Amino acid sequence: MKKKTQAAPQSFVTSETQEFWAAAQENKLLVKHCRSCGENHYYPRSRCPLCGSAQTEWLAATGKGTIYSFSIIPGARRPTATAIVDLDEGPRLSSVILDADVNQLKIGDGVTVAFEKMEGRPPAPAFTTAAAVAARAYSVGALKASKNFPDLAATVPDEVKIVAIIGAGTMGTGIATACLKSGLSVVLIDSNESALQKAESGVSSALERDVERGILQPELATAFKNSLTHAVSMESIRSADLVIEAVWEQLKLKQDIFGQIDKFARPNAVLCSNTSTLDIDEIAGATQRPQDVVGVHFFSPAHVMKLVEIIRGKTSTSKALATCIRFGETIGKVPVVVGNCYGFVGNRLMLTREREAARLLLEGALPVDIDTVLKRFGMPMGTFELQDMAGGIELNYRRRQETGEKNFLVDRLFELGRLGQKTQKGYYRYDPEKRGPIPDAEVTEIIEQASEHYGISRKPISDSEIEKRLILPMINEGAKLLDEGIVARPSDIDVVWQYGYGWPSWKGGPMYYADQIGVSSVLTDLTDLFARHGAPFEPSPLLSRMAKSGQTFSSL
Amino acid sequence: MTSTANAYIVGIYEHPTRRADGISTAQLHADVAYGALEDAGLSLRDIDGYFCGADAPGLGGFSMAEYIGLQNLRHIDTTETGGSSYILHVSHAAQAIAAGHCNVALITMADRPLASGAGPVLAGVDSAAAPENAFLPPVMVPPAFGYAMVARRHMYQFETTPEQLAWVKVAASHHAQYNPHAKLQQVMTVEDVLASPIVADPLRRADCCVVTDGGGAIIVARPEIAKQLKRPRVKLVGSGESMKHSNGGKNDIMYSAGVQSAAAAFAEAGVRPADIKYASLYDSFTITVIMQLEDIGFCPKGAGGRFAADGNLISGIGKLPFNTDGGGLCSNHPGNKGGMTKLLEAVRQCRGEAHPAVQVKNHDLVLAHGTGGLMSSKHMAGTAILAAE
Ligand SMILES: NC(=O)c1ccc[n+]([C@@H]2O[C@H](COP(=O)([O-])OP(=O)(O)OC[C@H]3O[C@@H](n4cnc5c(N)ncnc54)[C@H](O)[C@@H]3O)[C@@H](O)[C@H]2O)c1
């Protein structure tokens, strides 16, 4: 970490407190000890405020303490609570608790000092919880563990310098930006000229934003832009070391594209698909070199979101996988290797949550009730806000068109043009003048009609019931992924949810959370929900085995 | 000890406005000063002592003395302790009178945080250079959160409930319905209070006092003068003041400075809490009232919530009617300072001039108590006991 060296303003650093501020730079809390009366005091003074003696000396505090009282600051973008803290060394002080699960705070909880870097002054004293510290430590370990694939360790990845991206839509543009910013050359290909134009200006404006924010040199931005070329013809992928397909989510189309990739790509190039739901093996089958095909599943917006799920196909070689991992790291992402299944890891859990949220809507909850519970739980966004942002209503609608499956609520929303943020209305309505989603009476009415349509009588659902019905099935789904061998270790699921969906590092991830509340309590609650609400809650065999043997996910 | 118990409150006035658009703060001060003079039956020339807080515009009361036209001043006191300032001013005025420094003291208070857009701050108070500022957390926390932490600790330690806090507001609203100037005149139920949004968890909007413009004035005079006036006589029989702060980190916030200020006032008056027939209690938040009920000695520590929930604060029903004008919770909390309005209603009760629907029958002894600053850290409590004569 970089240390601030600039001199602090006079008003803060005086001869009386300079040691304090020097220690603060190292995140160490000093208090004053009085040799005359034996008491410690805070904030520090040269004379003891308890007895008046000048015989005071600095005492390095542990920085640890317990919460005497607290109050959560509502609506803070960063979780914040004001708190009175009893330091282990004695003094009671007023401060704040940051970057922690403030909605779960209790009087008596352990906290630890976490000085906050400030502009133009020394760091300000603040605290975080012991639970958050532990979860963050776990998160660091989980990230490290996710890079550990013994079967790939010996493989030397190929170097990737030129990337071809086919499909210059939302994802193609984001992936191209990420590649360019890491110094790679990019060839963008789309059958639609105007999509190419739009992509190019999208890349430019992303780079310009970085220049404006002062985090990118203008000359570099120009150099990056010059490393981007585009073409309509697939022949232009010839020079690429790695090809990423990001066209519409249709198997036939993707197979057709991969047939062409096979024709033009150089031998040993790694061939990737950004599919979110399709079977990577079926896509690979469209080529004569399925061993070189790997899924690379980016998250939107792709130049911002850190996660890339690397999907190991049936025949993917170690070389191809290792190259994708190295490529992901090169462009500043967090690659996590996962197996091939519908939704892979991240979306498997997310779709599970979405399905249950949809049931809750029919039973009596409103989008805002559900999203409020999720945000209080710690998620940066609720599921309906997220769907409105990512076009979930349209995706849901289109997904069902082949099978003809109906969904009263989503079909109505779709027909009304409520496609989410892009049409200013979805599960909520949006006002360009206002920040955030606004609950909409029209949606409430449609939800009530939907309940009636399915013959469900609406009744109030408690927040804790909502939380359990949304979070526990995610844990259950995670357990199934482990049993199915889709993920190598529980902590990979947590890495996926932290970097792909913003699960806060101070809460670890769904599997870490399961350990915190106890696997047997998860099983008990799921069993109860299974009895009351049926199949979606049927506990995975792994959970039952773990509960019996007293195992935790972190010890698996 | 110099007895402060030798002076009378002879004039009072509360500005009827709750939002002072187009009126200067100086004019508000003057309006209330003239109102109190008229109430007392005194004239400008009689004033020889002036007391004001930092809300008085200008340096140390000079500008206000000049603006109002106070020509015979020989004593001035600009003690500023936040909301409790004016309760201290009454006590200081009595001391000055007893010491022969003045005969008739005027106390004015006025501010317009709404009209000026200043919000929940204390006018004229600049804490920029306070030594503790360097150690403040990186996030600015409004005062409500300090009281919220007192409330949460009180709930933890004494099993006080949100419903019990709500009863304080319910009682105030029962009184406010009879005050045509009250900002909130609607009677509220516990359910109404609990349905209001959380402001500083566990405090809800209805747990907080109103923000208003306005002010008030009080005239304190020596006995010889008071006896010549025609208004019912209200004698200051006891007063106390006490400061509490974080004390280097050794501080039990479950006790406010009110413990000491009330004990001093009772000792001077020679009476006990049970003798008090009416109390004006500082009500910046519902929890402030609960804490003071306990600290003044109206009920044991920790029992304040139950005391309120038993209806004891409601006039005509309970043991200790409080804030019968609706208080800061419903009527008026001008300039984010409630000490002046606490005194005014205490004087009305002591005179027998409160609204008939809320006037206590026996009004021989009443009390006004204020807490200025932040109950969770630095604050100053003032207590005044008044007797009808
Ligand atoms: N949007 C997301 O949140 C997201 C997240 C992860 C993965 N994905 C996946 O990424 C892929 C692309 O999604 P998107 O949101 O960027 O779609 P998009 O509609 O924004 O872009 C698709 C682009 O592909 C182009 N295209 C279609 N057929 C083509 C062809 N035959 N040859 C060349 N170009 C062709 C289209 O012109 C269009 O520009 C999909 O597989 C999707 O499932 C999307």
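Residues numbered from 1 in each chain as written. Chains lettered and ligands numbered in written order. Predicted model: local features only at pLDDT ≥ 70, side-chain atom pairs only at ≥ 80, totals over all residues. Heavy atoms only, no water.

### Examining the overall build of chain B
- Within chain B, the secondary structure is distributed over 13 helices and 11 strands.
- Computed over its C-alpha atoms, the radius of gyration of chain B comes to 19 Å, within 12% of the 21 Å expected for a compact globule of 389 residues.
- In terms of principal-axis extent, the alpha carbons of chain B reach across some 55 × 50 × 40 Å.
- Sorting the 389 residues of chain B into buried and exposed places 62% on the buried side.
- Within chain B, contacts between residues separated by at least 24 positions form 76% of all contacts whose residues are at least 6 apart in sequence.
- When the accessible surface of chain B is split by element, carbon and sulfur atoms take 54% of a total near 13,800 Å².
- Averaging the positions of the 30 positive and the 35 negative side-chain charges in chain B gives two centres separated by 3 Å. (Helix = DSSP H or I, 4+ residues; strand = E, 2+ residues; numbered from the N terminus. Rg over C-alpha atoms; globule rule 2.2 N^0.38 Å. Buried < 20%, exposed > 50% of the residue type's maximum accessible area, 1.4 Å probe, protein only. Contact = heavy atoms within 4.5 Å. Areas by Shrake-Rupley, 256 points an atom, 1.4 Å probe, with all protein chains shown as cover. Lys, Arg positive; Asp, Glu negative; His and termini not counted. Charge placed at Lys NZ, Arg CZ, Asp CG, Glu CD.)

### Considering the sheet that holds strand E11 (residues 162-166) of chain A
Residue and element names in this part refer to chain A.
- One open sheet accounts for 8 strands, arranged E13-E12-E11-E14-E15-E16-E17-E18; its pairing is mixed. If you trace the sheet from one side to the other, it starts and ends with strand E13 (228-231) and strand E18 (334-338), each paired once. Neighbour-to-neighbour, the strand axes of this sheet turn through a mean angle of 25°, independent of strand direction.
- Where strand E16 (residues 293-298) and strand E17 (residues 307-311) come together, 4 bridges link them in antiparallel fashion. When the sheet's bridge partners are listed, phenylalanine 298 is paired in E17 with valine 308. (Pairing = 2+ DSSP bridges. Axes fitted to C-alpha atoms, helices over the stretch in contact; angles between N-to-C directions.)

### What to know about the packing of aromatic side chains
- Applying the stated criterion to the full structure yields 16 aromatic pairs over all chains.
- Aromatic side chains Phe20(A) and Phe115(A) sit 6.1 Å apart centroid to centroid with 70° between the ring planes, which places their arrangement in the edge-to-face category. Of this pair, Phe20(A) sits in helix H1 (residues 18-25) while Phe115(A) sits in the loop between strand E7 (110-113) and strand E8 (116-118), placing them 95 residues apart in sequence.
- Between Tyr42(A) and Phe135(B), the ring centres sit 6.0 Å apart and the planes meet at 75°, which makes this aromatic pair edge-to-face. With Tyr42(A) in the loop between strand E2 (40-41) and strand E3 (56-60) and Phe135(B) in the loop between helix H4 (113-116) and helix H5 (144-158), the pair connects residues from two separate chains. Across this residue pair, the class does not change: Tyr42(A) and Phe135(B) are buried.
- What links up through ring pairs into an aromatic cluster is the set Phe20(A), Trp21(A), Tyr42(A), Tyr43(A), Phe115(A) and Phe135(B).
- Looking at Lys32(A), its charged tip hangs above the ring of Trp58(A), at a distance of 4.7 Å from the centre.
- Over the ring of Tyr282(B) we find Lys342(B); its NZ or CZ atom is 6.0 Å from the centre of that ring. (Phe/Tyr/Trp six-rings, centres within 6.5 Å; stacked < 30°, edge-to-face > 60°. Lys NZ or Arg CZ within 6 Å of the ring centre and 35° of its normal.)

### Topic: the domain arrangement of chain B
All names here are of chain B.
- Domain boundaries in chain B define domain 1 (7-119 + 213-231) and domain 2 (139-211 + 236-388).
- A straight line from the C-alpha centre of domain 1 to that of domain 2 covers 23 Å.
- Across the contact, 39 residues belong to domain 1 and 37 residues belong to domain 2.
- With both chains or domains summed, domain 1 and domain 2 bury close to 2,800 Å², and 63% of this area falls on carbon and sulfur atoms.
- Counting the surface domain 1 buries against domain 2, the share from its top three residues, Glu14, Arg18 and Ile87, is 24%.
- For lysine 337, the salt bridge is made with glutamate 80, and the minimal N-O distance between the two is 2.9 Å.
- At the boundary of domain 1 with domain 2, the tally comes to 17 residue pairs in polar contact (both at pLDDT 80 or more).
- Partitioned by chemical class, the residues of the side of domain 1 that touches domain 2 number 18 nonpolar, 13 polar and 8 charged. (Domains from an automatic or database assignment. Buried area = accessible area lost by both parts, 1.4 Å probe. Salt bridge = Lys/Arg side-chain N within 4 Å of Asp/Glu carboxyl O. Polar contact = N/O pair within 3.5 Å; in protein donor to acceptor, adjacent residues only side chain to side chain. Nonpolar A, V, L, I, M, F, W, Y, C, P; charged D, E, K, R; others polar.)

### Quick notes on the side chain of Asn476(A)
- Along the chain, Asn476(A) falls in helix H16 (residues 463-484).
- Residues in contact with Asn476(A), not counting those within four places in the same chain, are Leu526(A), Pro536(A), Phe537(A), Glu538(A), Pro539(A), Ser540(A) and Leu543(A).

### Structural notes on the packing of helix H10 (residues 346-363) of chain A against helix H11 (residues 367-377) of chain A
All names here are of chain A.
- Look at H10 against H11: their axes get within 9 Å of each other, and the N-to-C directions meet at 135°. The orientation of H10 with respect to H11, classified from their angle, is oblique. Crossing geometry of H10 relative to H11 is assigned as right-handed. Residues Arg353, Ala357, Leu360 and Leu361 of H10 lie in contact with H11, whose contacting residues are Pro367, Ile370 and Leu374.
- Here the residues of the contact of H10 with H11 sort into 6 nonpolar, no polar and 1 charged. (Parallel < 35°, antiparallel > 145°, perpendicular 65-115°, else oblique. Left-handed = near helix turned anticlockwise from the far one by under 90°.)

### Looking at the site of the ligand
Residues and elements named next belong to chain A.
- Neighbouring the ligand are 22 residues, the closest being Met171, Asp190, Glu249, Lys254 and Ser276.
- Contact between the ligand and methionine 171: an oxygen atom at 2.8 Å from a main-chain N or O atom of the residue.
- Secondary-structure elements contributing two or more residues to the shell around the ligand are helix H4 (170-181), helix H7 (251-264) and E16.
- Among the elements that line the shell around the ligand, the one with the most residues is H7, at 3 residues.
- Split by residue class, the shell around the ligand holds 9 nonpolar, 10 polar and 3 charged. (Near = heavy atom within 4 Å.)

### Some thoughts on helix H12 (residues 383-390) of chain A
Residue and element names in this part refer to chain A.
- Restricting attention to buried positions, one finds in H12 the residues Thr383, Phe384, Glu385, Gln387 and Asp388.
- Buried positions along H12 lie against H10, H11 and helix H13 (392-399).
- Where H12 ends, the next residue or the one after it, glycine 391, has phi of about 75°, a positive value.

### Observations regarding the pairing of strand E10 (residues 365-373) of chain B
Residue and element names in this part refer to chain B.
- Counted residue by residue, E10 has 8 buried out of 9 residues, so it is predominantly covered.
- Direction of pairing for strand E9 (residues 278-281) relative to E10: parallel, over a ladder of 4 bridges. Looking at E10, one finds that tyrosine 278 is bridged to valine 366.
- As judged from the 9 bridges shared by E10 and strand E11 (residues 379-388), these two strands associate in the antiparallel manner. Following the sheet pairing, glycine 372 is matched in E11 by methionine 380.

### Concerning the packing of H16(A) against helix H19 (residues 519-533) of chain A
All names here are of chain A.
- The N-to-C vectors of H16 and H19 enclose an angle of 110°; their axes lie 10 Å apart at closest approach. With respect to their mutual orientation, H16 and H19 come out roughly perpendicular. Here H16 and H19 pass one another in a crossing that is left-handed. In contact with Glu465, Lys468, Arg469, Leu472, Pro473, Ile475 and Asn476 of H16, H19 contributes Val522, Asp525, Leu526, Leu529, Arg532 and His533.
- Of the residues assigned to the contact of H16 with H19, the class counts are 6 nonpolar, 2 polar and 5 charged.

### Some words on the pattern of salt bridges
All names here are of chain A.
- Going through the model one piece at a time under the given rule, you end up with 58 salt bridges over all chains.
- Across the salt bridge formed by aspartate 210 and lysine 181, the nearest N and O atoms sit 2.6 Å from each other. One end of the pair, aspartate 210, is in helix H5 (residues 193-212); the other, lysine 181, is in helix H4, and 29 residues separate them in sequence.
- The class for aspartate 210 is buried, based on a relative accessible area of 7%.
- Residue lysine 181 is classed as partly exposed on the basis of its relative accessible area, which comes to 34%.
- Salt bridges sharing partners connect three or more residues here, namely Glu356, Arg359, Glu363, Glu465, Arg469, Asp528 and Arg532.

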